[in-house]
Amino acid sequence: MEKKIGTTTLSTVVSDITTLRVDAVVNAANSSLMGGGGVDGAIHRAGGPSILQECKKIVSEIGRLPAGEAVITTAGNMPSKHVIHTVGPVWHGGKKDEPAILRNAYTNSLKQASRHGLKTVAFPSISTGVYGYPVSRAASVAVSAVVDFVKAHPDAFVEITFCGFDDTTEREYASALQSSV
Ligand code: AR6
């Protein structure tokens, strides 16, 4: 699924995000930045130990990364050039500001990317694995955050990809993208 907003293409794909040749892949990390399971584990395994070294340096400077914030490292051995590490919200039923925190995770990741002049970015489905955020709700927050950012910064990006690890997840982002204006 693809949609163009100005000169930026928004797309969805089913893939292992660690194999994508983009300027930055986004990592659904946790506040420790010390790695974990899911896409976080996959990124550290594929990228190698240099990513963890850079994360340790960041933590020594700023401490734990609050949910909704984002930091950047290189991508080690992956075909991408950078990893933007963000922390999504843990789903508690929707009454603990989860949508606003998830929106911040997307917006702050794109701010990091544009600050570094990165033109192609791929996002995993942040918070919808271990953190339990329902996928269709997460997809609509994610797409709305990205669409709003792209409209406000029309020259910033060439392509932003929503990368599902499975067909069902990809379909939710495709459908959210389809119904976005
Ligand atoms: N490529 C693309 N997507 C993937 C990959 C991959 N290689 N592997 C998993 N996914 P999760 P969260 C999908 O649990 O919910 C970690 O332990 C997965 O199928 O990775 O934000 C962190 O350290 C799901 O659709 O992230 C944190 O502690 C999506 O990525 C915690 O999990 C997100 O699932 C963060 O939980």
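Residues numbered from 1 in each chain as written. Predicted model: local features only at pLDDT ≥ 70, side-chain atom pairs only at ≥ 80, totals over all residues. Heavy atoms only, no water.

## Things to note about the overall build of the protein chain
Next, step 1: Counting its regular elements, the protein chain contains five helices and seven strands.
Next, step 2: Ordering the α and β elements of the protein chain from the N terminus gives β-β-β-α-α-β-β-α-β-α-β-α.
Next, step 3: Computed over C-alpha atoms, the radius of gyration of the protein chain comes to 15 Å, within 12% of the 16 Å expected from 2.2 N^0.38 for 181 residues, which places it in the range of a compact globule.
Next, step 4: Counting every position in the protein chain, which comprises 181 residues, the buried fraction comes to 51%.
Next, step 5: For the protein chain, the share of sequence-separated contacts (at least 6 apart) that also reach a separation of at least 24 residues comes to 70%. (Helix = DSSP H or I, 4+ residues; strand = E, 2+ residues; numbered from the N terminus. Rg over C-alpha atoms; globule rule 2.2 N^0.38 Å. Buried < 20%, exposed > 50% of the residue type's maximum accessible area, 1.4 Å probe, protein only. Contact = heavy atoms within 4.5 Å.)

## Quick word on the site of the ligand
Next, step 1: As a structural note, the neighbourhood of the ligand is formed by 21 residues, with Asn30, Gly37, Asp40, Ser127 and Gly129 the closest of them.
Next, step 2: Contact between the ligand and Gly37: an oxygen atom at 2.7 Å from a main-chain N or O atom of the residue.
Next, step 3: Val39 is positioned such that a nitrogen or oxygen atom in its backbone is 2.8 Å from an oxygen atom of the ligand.
Next, step 4: Coverage of the ligand by the protein chains reaches 90% of its 700 Å² of free accessible surface.
Next, step 5: Given that more than half its atoms are within 2 Å of the pocket grid, the ligand belongs to the largest pocket.
Next, step 6: Mapped by element, the contributors of at least two residues to the shell around the ligand are β3 (24-29) and α1 (38-47).
Next, step 7: Take the shell around the ligand: its biggest share by element is four residues, from α1. (Near = heavy atom within 4 Å. Polar contact = N/O pair within 3.5 Å; in protein donor to acceptor, adjacent residues only side chain to side chain. Areas by Shrake-Rupley, 256 points an atom, 1.4 Å probe, with all protein chains shown as cover. 1 Å grid on protein atoms, 1.4 Å probe; cavity = no way out; pocket = protein on both sides within 12 Å on 5 of 7 lines; lining within 4 Å. Sits in = over half its atoms within 2 Å of the grid points.)

## With respect to the layout of surface pockets
Next, step 1: Roughly 560 Å³ of internal volume is contained in the largest pocket.
Next, step 2: Among the secondary structure elements, those contributing two or more residues to the lining of the largest pocket are β3, α1 and β7 (159-164).
Next, step 3: No other element matches α1, which puts four residues into the lining of the largest pocket.
Next, step 4: Grouping the amino acids of the lining of the largest pocket by side-chain chemistry returns eleven nonpolar, eleven polar and three charged. (Points joined across faces, edges and corners; volume = space filled by probe spheres on them. Nonpolar A, V, L, I, M, F, W, Y, C, P; charged D, E, K, R; others polar.)

## Some details on unusual backbone geometry
Next, step 1: Positive phi is not limited to glycine here, since Asp97 has a value of about 65°.
Next, step 2: Take Asp97: it is sitting in the loop between β5 (82-87) and α3 (98-115).
Next, step 3: Here Asp97 falls in the exposed class, since its relative accessible area comes to 52%.
Next, step 4: Unusually for a residue other than glycine, Ser127 sits at a positive phi of about 75°.
Next, step 5: The exposure class of Ser127 is buried, given its relative accessible area of 6%.

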